[in-house]
Every structure is written in structure tokens, then in C-alpha cells.
Amino acid sequence: MNTMPHEATQGRSQVDSSPSGGLTRSDRSGGPLVRFAGVQKTYDGLSLVVRSLDLDIQRGEFLSLLGPSGSGKTTTLMMLAGFESPTAGEILLDGSPITRTPPHKRNFGMVFQNYALFPHLSVADNVAYPLTVRKVPKGDIATRVAKALDMVQLVGKGERLPGQLSGGQQQRVALARALVFEPQLVLMDEPLGALDKQLREHMQIELKELHRKLGVTFVYVTHDQGEALTMSDRVAVFNDGLIQQIAPVEQLYETPVNRFVAGFVGDSTLLTGTVGQADGDSCELVLPTGERLTGLNINRALPGTQVLASVRPERIEPCLVKPEALGNAVQAAVTDIIYFGDHLRLRCAVNGQAPATVKLPLAGGLQPVVGQAVWLHIPQPYLRIYH
Ligand code: ADP
Ligand code: MG
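Just so it is clear, the model here is predicted, and its values are computed rather than measured. (Residues numbered from 1 in each chain as written. Chains lettered and ligands numbered in written order. Predicted model: local features only at pLDDT ≥ 70, side-chain atom pairs only at ≥ 80, totals over all residues.)

Further remarks concern the confidence of the model for the protein. On average, residues of the protein score 90 in pLDDT, and 92% of them are at 70 or above. In the predicted structure, residues 1-28 sits below a pLDDT of 50 and forms 54 contacts with residues beyond four places in sequence or in another chain. (pLDDT = per-residue confidence, 0-100. Contact = placed C-beta atoms within 7 Å.)

Here's what the structure looks like:
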């Protein structure tokens, strides 16, 4: 089924700060680095926590596994790491099955939320640990540890004990330890979860930068959609043991394929109603008030069925007079206006619906006031209708 050549992936110089990024990419065959083929997992023999996983991880990409708690993200990562084995299916690395390869032979770098450093070892010895167990010569170890500490901007901190560093610095030591032995794949499970917001956002940018510099493949688990969107090339959205959608971040945000993804990734304003006329890719949304809008019929809902429509708040255009010529508008009243510095966020009451959010650029010219009647124009391509 899979005939990609297996290429040697050891002994490459990835933790190298030469201008090219110091990377000799492990493979030129063009196949995925990792393939999950029909993978399932049950812990109790009854319920599948990973129901059916077919996933290709491309070389050099930053892939996030995003989803609510209990959706199967960690289980998926643990199967890739080798700490859990699939109940069914196969995991392939460079085209060769690794499903029964023990973790230490997979040679992946790992950073977990509570993947503690050795408290009694210096920072440098912590980072050196993966090299020591691999019996790398002493002289090489010192050079590579220095390089790795430089990479995570901890030069001069090598002699300290972990307890003498801040949380963010400790997490960077864990990262240096995961990268120092030049793994082709780095697995991270909520590595920034324990940090405060400011540090977390700072580390997100550093991780992204490091990924770009090294060209190593990152698989990153998070339940935080903002984090996934900021850092990733692609995001796999998990729910209920299944990937609901896997796509580059912009595509995921602009074109969610079902109501779960639409609701989980990014802010949305939601409208419920039934389908009126349906015609190929588009259909009418009939609201309980009788108002009719036209949008994209994402899952080909049939006329008369109950549907949920979503639109990104920045795509809604509020008008003070009814936009007769434009059509596709719903009547509302402004109930709250929040100033966000770069935009205004309006909360609007819509008859028979949950409150609608509208994001308005400050330069927009419209000066809404609380209590005002508005018409919310939703251009047809941005109204996505899901059964
Ligand atoms: P996530 O990382 O998305 O929060 P997990 O993969 O940790 O999800 O968990 C998926 C489901 O599997 C949950 O219902 C969880 O309770 C269950 N689960 C996870 N690990 C184990 C385990 N070692 N034994 C039994 N059940 C587990
Ligand atoms: Mg988890």
C-alpha cells in the first residue's frame, strides 16, 4: 500500500544556526513523514476514544491538534510517541510501520505541560541528558548543549538549577532538551498551559520562530483555538474521537465544514432557522420572524430542515437604514458597544435569536449608539448554513 523509500534520518545537523537554518531535510521522496492509517483506540474495550484516524503529517510542517478536553488529542499524540498502542490500524514513519516500535527507538523530541526537568541537575545537564543516554562523546555534548541553549536564548544560564529559573525559562530548557538530539519530529502536549498569558503569547511567537529556523516537524496539542491559529501551518480539529476538519489556518477560519468547527474556531454570530428554497451550493435561511436570507448550503440541507447559520462578526455590515438594494439583512437593535482599541464590538439583539456580535473597524465611519435600530447586512458568501 505504501511504497515510499525509507531513508536514514539520523545524524543530521538540525540544531545548527547556519544561515540556511542548518537543516538537511531528511527526505526528498515527497511522501508524508507520518501516516496514521485507520487508527482506532479504546482503553476499556467498549468506547473508541479515537474512532477512525487517517492523517498524514507533512515534513517540516507545524501541525496542531485542536479540540475540547476529552476529544482524543493526547491519545493520538501518545500513540505517535509510542506510549500507547492503537487498538486497530497502523502508524507509518517515512512509509515504514512503527506501530510496534518502542518510544525510545522512535527518537522523537517531546515537551509536555508537566514534563518536569530534573530538579537536582543543572540546566546544562538537563539539556545534555538525551545526548548522555545516547552515548554521544563528551566534547560533542558540550558543543551541542551550548548551541541548544543559544537557540532558546538561555546563554549563560547553563550552571543554574531549574528552580532558579522562571516558568517560561524552564519551559525553554525543556524545549532545548527536546531538540538537542536533533529529532526529526517534535511532539508537544499543551506545553504552555501552565504559563501566564503574557509569557504564553511570548513563547508562542518564539516556538513559531524556532520552527521556522529549524525546519523540524512539530505536532502540537492544544485546546486553545487562538494558540492553534497563531502558531500552526495546519490545524486538525478534533471532536468526539474524530478529526472534524484539517486545513491551513486561514481556510479553517474562513470555510469551516460543519457546525462544530464553525463554533469552536474563532468568533461567530449564529442564527437558527429553517431552509427555504435550496439550489445547489446556496439556499434560503428562513428565520422565525419570517425574514429570509440567502447563504451557502454547506452540508446540502434539504428545504424545511432546521439549520444553524454562522457568520464571522467582522463580515457583518451594520446599516442605519434598511439596505433595500443589498438585501440579505436582518433587523436588530444595538444593546452594547465595547471599545477594543482597534475595533468596536457591538452586541445586538435579534428577534428570536441569541445576541449577535458585530466587529466594526474604528475607521468605519458608522457611529452607533446603544438602543439604536440597525439592519445587519450579511453578504451571501459569508453566511454559512449547516444542518
Ligand atoms: P484530550 O487530550 O483531547 O483531552 P484524551 O486523549 O486525553 O483527550 O482522552 C480521550 C478520552 O480517553 C477521554 O474520555 C479520557 O477520559 C480517556 N482516556 C485518556 N487516557 C486514558 C487512560 N489512560 N485510560 C482510560 N481512559 C483514558
Ligand atoms: Mg490532553
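Still more to cover.
Further remarks concern helix H3 (residues 123-133). Residues of H3 that are buried include every one of Val-123, Ala-124, Asn-126, Val-127, Ala-128, Pro-130 and Leu-131, and no others. Turning to H3, the residues buried within the fold contact helix H4 (138-151) and helix H5 (167-179). Just beyond H3, the residue with positive phi is Lys-135, at close to 60 degrees. (Buried ≥ 20, exposed ≤ 12 C-beta atoms within 10 Å, placed from the backbone. Helix = DSSP H or I, 4+ residues; strand = E, 2+ residues; numbered from the N terminus.)

Moving on: the domain arrangement of the protein. One can read the domain layout of the protein as domain 1 (34-107 + 183-260) and domain 2 (271-386). Look at where the C-alpha atoms of domain 1 and domain 2 centre, and you get two points 34 Å apart. Each partner contributes residues to the interface: domain 1 has 4 residues there, and domain 2 has 5 residues. Residue composition of the side of domain 1 that touches domain 2, grouped by class: 2 nonpolar, 1 polar and 1 charged. (Domains from an automatic or database assignment. Nonpolar A, V, L, I, M, F, W, Y, C, P; charged D, E, K, R; others polar.)

This paragraph deals with the nonpolar core. Among the nonpolar cores identified, the biggest contains 93 residues, and Val-127, Ala-176, Val-219 and Leu-376 are the most heavily contacted of them. Counting residues per element, this core draws most heavily on H5, which supplies 6 residues. Residue assignment places this core across two domains, with domain 1 (34-107 + 183-260) and domain 2 (271-386) each supplying three or more. With residues near it in sequence (within four places) discarded, Val-219 still touches Ile-57, Leu-63, Leu-65, Leu-77, Leu-80, Leu-185 and Leu-187. (Core = buried A, V, L, I, M, F, W, Y, C linked by C-beta atoms within 7 Å.)

A separate point is the site of ligand 1. Neighbouring ligand 1 are Tyr-43, Val-49, Gly-67, Ser-69, Gly-70, Ser-71, Gly-72, Lys-73, Thr-74 and Thr-75. Here the element with the most residues in the shell around ligand 1 is helix H1 (residues 73-81); it accounts for 3 residues. (Near = placed C-beta within 6 Å.)

What follows concerns unusual backbone geometry. One non-glycine residue, Asp-240, lies in the positive phi region at around 60 degrees. Inspection of the secondary structure assignment puts Asp-240 in the loop between strand S9 (234-239) and strand S10 (242-248). Asp-240 gets classed as partly exposed once you count the C-beta atoms within 10 Å, which come to 14.

Topologically, Gly-168 is positioned in helix H5. Exposure remark for Gly-168: the 17 C-beta atoms within 10 Å place this residue in the partly exposed category. Residues Gly-168 and Met-203, 35 residues apart in the sequence, show an inter-C-alpha distance of 7.5 Å.

Strand order in the closed barrel made by the 5 strands is S11-S12-S13-S20-S14, with mixed pairing throughout. Neighbour-to-neighbour, the strand axes of this sheet turn through a mean angle of 55 degrees, independent of strand direction. Where strand S12 (residues 282-286) lies against strand S13 (residues 292-297), 5 bridges are found, and the strand directions are antiparallel. If you follow Glu-284 over to S13, its bridge partner there is Thr-294. (Pairing = 2+ DSSP bridges. Axes fitted to C-alpha atoms, helices over the stretch in contact; angles between N-to-C directions.)

The strand order across the open sheet built from 5 strands is S15-S19-S16-S17-S18, with neighbouring strands paired in antiparallel fashion. Of all strands in the sheet, those with a lone pairing partner are strand S15 (317-319) and strand S18 (356-361), marking the two edges. The sheet shows a mean angle of 45 degrees between the axes of neighbouring strands, direction not considered. Bridging between strand S16 (residues 329-339) and strand S17 (residues 343-349) involves 6 bridges; their strand directions are antiparallel. Counted as the bridge partner of Tyr-339 is Leu-344 from S17.

Moving on, we get to the pairing of S16. Sheet analysis places S16 next to strand S19 (residues 373-377), joined by 5 bridges and oriented antiparallel. By the bridge assignment for S19, Ala-332 is matched with Val-374. Where S16 hands over to S17, the hairpin turn is made up of 3 residues, of which Gly-341 adopts a positive phi near 85 degrees.

Glancing now at the pairing of S9. By the bridge criterion, 4 bridges tie strand S3 (residues 62-66) to S9 in an arrangement that is parallel. Paired with Leu-65 across the two strands is Ala-236, which belongs to S9. Of the strand pairs in this sheet, S9 and S10 are connected by 6 bridges, and their pairing is antiparallel. Paired with Ala-236 across the two strands is Ile-246, which belongs to S10. What sits between the antiparallel neighbours S9 and S10 is a turn of 2 residues, in which Asp-240 has the positive phi angle 60 degrees.

With respect to the helices and strands, the residue Arg-59 is situated in the loop between strand S2 (48-57) and S3. Its 20 C-beta neighbours within 10 Å are what place Arg-59 among the buried residues.

At their nearest, the axes of H3 and H4 sit 9 Å apart, and the two run at 125 degrees to each other. The orientation of H3 with respect to H4, classified from their angle, is oblique. Of the two elements, H3 crosses H4, and the hand of that crossing is right-handed. On H4, the residues touching Ala-124, Val-127, Ala-128, Leu-131 and Thr-132 of H3 are Ile-141, Arg-144, Val-145, Ala-148 and Leu-149. For the contact of H3 with H4, a count of residues per class yields 8 nonpolar, 1 polar and 1 charged. (Parallel < 35°, antiparallel > 145°, perpendicular 65-115°, else oblique. Left-handed = near helix turned anticlockwise from the far one by under 90°.)

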